[in-house]
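Geometric and topological summary
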Amino acid sequence: MKFRLEHTDSKSKARAGTIKTDHGDIQTPIFMPVGTAGSVKAVHQRELIYDVKAQIILGNTYHLYLRPGLDILEKAGGLHKFNGWSKPILTDSGGYQVFSLAENRKLTEEGAVFKSHIDGSKHLFSPERVMDIQRIIGADIIMAFDECPPYPCDFAYARKSMELTHRWLKRCIDRFDNTEGKYGYSQTLFPIVQGSVFPELRKQSAEFVASCEREGNAIGGLSVGEPVEEMYAMTDMVTDILPKDKPRYLMGVGTPANILEGIALGVDMFDCVMPTRNARNGMLFTSEGIINIRNEKWKDDFSPIDPHINSYVSSFYSKAYLRHLTIAKEILAAQIASIHNLSFYLWLVGQAREHIIAGDFAVWKNQMVEKVSRRL
């Protein structure tokens, strides 16, 4: 993987660049739709390419490992062949899922022992095992195995967790560097900065991650319930430390406003389940603000969902029709809303890139944060 930094904003830390992978180029800043179990919920691959204009999607190590399982993925020739996605894929290491299974897992120096949420079977994720699993899944970008500390947690816990993550990272790097990909294309490993909301720990973790000199770096543990001001402060500090010539990925973030502020702080890559999860509950993100499509006010609004978004569903279907489908609990409602929301997110980061290149990002960003945060 290679990263070329092309433009920087003079009034913020926003950047525009290109990540080159064997499955194609990714123009940054970028939002990555989440396909946890090998599919972005309610969206076909064709729609991801032609409507959403996604350049990279996510898979999840924990979920794919449990179902369909590594045998099936390996027989298929990796996740790209299995799900028919020809562009880049990033896999989360499963660390966050293991963290969320607090009742059903035990952390040791060796790794995390957990019970499957599907059948209760017991499994061990060690740093080495997680590297092997992600090799078999076949993602272009794979994540180091980390512990994501809960919020809130005390300083002692956060430090112990960070130090464990750093020891696991060394083992991830050793295993990754001493193994080969299975499907004839290159893979790259991103370490993850941890440290909760403690500046001293975040600084220490960012410096350690930077010293590992990998091809890209991630910032984790900042979408677990902390106030947004703390998320921004930690991100700001970390992006000052992480190398400028490598992409920076803020994991699990977030709202349109979070993404715009993250871009201004020097982040290049984002992912979040919010566009699809909220879509299934009737919440639409638009260029003018947030819509709850269930509200009575949209019952006879025959205008397009959002004519500014260059996606078939956004300009073809009316708000009134989508409201009808949502109230009637038609499956098509979830499909239309999901495609629209993802298209909006990709449109938003695309607009950010254009304004970074044009040199007026900071002014545009401040206007857009206000717009995309308001309820219509």
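First things first, this report covers the structure right here in the doc. (Residues numbered from 1 in each chain as written. Predicted model: local features only at pLDDT ≥ 70, side-chain atom pairs only at ≥ 80, totals over all residues. Heavy atoms only, no water.)

1. Comments concerning the overall build of the protein chain
Stated formally: Strands are runs of DSSP state E lasting at least 2 residues, helices are runs of H or I lasting at least 4, and numbering of each runs from the N terminus. Both definitions apply: the radius of gyration is a C-alpha atom measure, and the globule rule equals 2.2 Å times residues to the power 0.38. The classification of residues rests on relative accessible area computed with a 1.4 Å probe and restricted to protein chains. Under 20% of the type maximum is buried, over 50% is exposed, and intermediate values are partly exposed. Contacts: residue pairs with any heavy atoms within 4.5 Å of one another. Only the protein chains shown count as cover for residues, with accessible areas throughout obtained via the Shrake-Rupley method and a probe of 1.4 Å. Two residue types count as positive, namely Lys and Arg, and two as negative, namely Asp and Glu; His and chain ends fall outside the count. We put the charge of a Lys on NZ, of an Arg on CZ, of an Asp on CG and of a Glu on CD.
A count of helical and extended segments in the protein chain gives 15 helices and 17 strands. Rg of the C-alpha trace for the protein chain: 20 Å, near the compact-globule value of 21 Å for 376 residues, within the 12% margin. Among the 376 residues that make up the protein chain, the fraction classed as buried is 59%. Of all intrachain contacts in the protein chain linking residues separated by at least 6 positions in sequence, the fraction that spans at least 24 positions is 69%. If you sum the accessible surface of the protein chain, you get close to 15,600 Å²; carbon and sulfur atoms cover 51% of it. The protein chain carries 45 positive and 45 negative side-chain charges, and their two centres are separated by 3 Å.

2. A word on empty space enclosed by the protein
What counts is decided by this rule: Whether a set of points on the 1 Å grid over the protein atoms alone is a cavity depends on a 1.4 Å probe fitting there but being unable to get out, while an open set qualifies as a pocket with protein on both sides within 12 Å along at least five of seven lines; lining residues are those with an atom within 4 Å of a point. Grid points are joined across faces, edges and corners, and a volume is the space filled by probe spheres set on the points. Residues were grouped as follows: Ala, Val, Leu, Ile, Met, Phe, Trp, Tyr, Cys and Pro as nonpolar; Asp, Glu, Lys and Arg as charged; and all remaining residues, including Gly, as polar.
Tallying each qualifying case throughout the model produces two cavities of 30 Å³ or more. Within this model, the largest cavity holds a volume of roughly 40 Å³. Every residue lining the largest cavity is listed: G95, V98, F99, R105, L107, A112, F145, D146, E147, C148 and W168. For the lining of the largest cavity, the secondary-structure elements that each account for two or more residues are α5 (95-100) and β7 (105-107). Among the elements that line the lining of the largest cavity, the one with the most residues is α5, at three residues. Looking at the lining of the largest cavity, its residues break down into seven nonpolar, one polar and three charged.

3. So, the environment of L348
Looking at the secondary structure, you find L348 in helix α14 (residues 331-358). For L348, a relative accessible area of 1% translates into the label buried. Sequence separation between L348 and P256 is 92 residues; the distance between their C-alpha atoms is 7.8 Å. Sequence-distant contacts of L348, that is, excluding residues within four places in its chain, are made with P256, L260, W364, M368 and V372.

4. Details of helix α15 (residues 361-373)
To keep it simple, the criterion reads: Each residue after the first adds 1.5 Å to the expected span of a helix. By construction, the arc corresponds to the directions joining the helix axis to the C-beta atoms.
Between its first and last C-alpha, α15 extends 18 Å over 13 residues, near the 18 Å set by a 1.5 Å rise per residue. Among the residues of α15, F361, A362, W364, K365, M368, V369 and V372 are the ones counted as buried. When α15 is viewed along its axis, its buried side chains cluster within an angular range of 150° and face the same direction. Exposed residues lying more than 90 degrees from the buried face of α15 are V363, Q367 and E370.

5. A short note on the packing of aromatic side chains
Heads up, the rule is: Centres within 6.5 Å are what make two rings of Phe, Tyr or Trp a pair, Trp counting through its six-membered ring; a difference in plane orientation under 30 degrees is then read as stacked, over 60 as edge-to-face, and the rest as tilted. A positively charged side chain is recorded as over a ring if its NZ (Lys) or CZ (Arg) lies within 6 Å of the ring centre. The angle to the ring normal must also be within 35 degrees.
Under the defined criterion, the tally for this structure stands at 17 aromatic pairs. Summarising the aromatic geometry, the rings of F361 and W364 are spaced 6.0 Å apart at their centres and angled 45° between planes, so their arrangement reads as tilted. Here F361 and its partner W364 are both found in helix α15, three residues apart, which amounts to about one turn of the helix. No difference in accessibility class separates F361 from W364, as the two residues are buried. Taken together, the ring pairs connect Y62, Y65, F114, F125, F145 and W168 into an aromatic cluster. The lysine or arginine in question, R135, covers the ring of F176, its NZ or CZ lying 4.1 Å from the ring centre.

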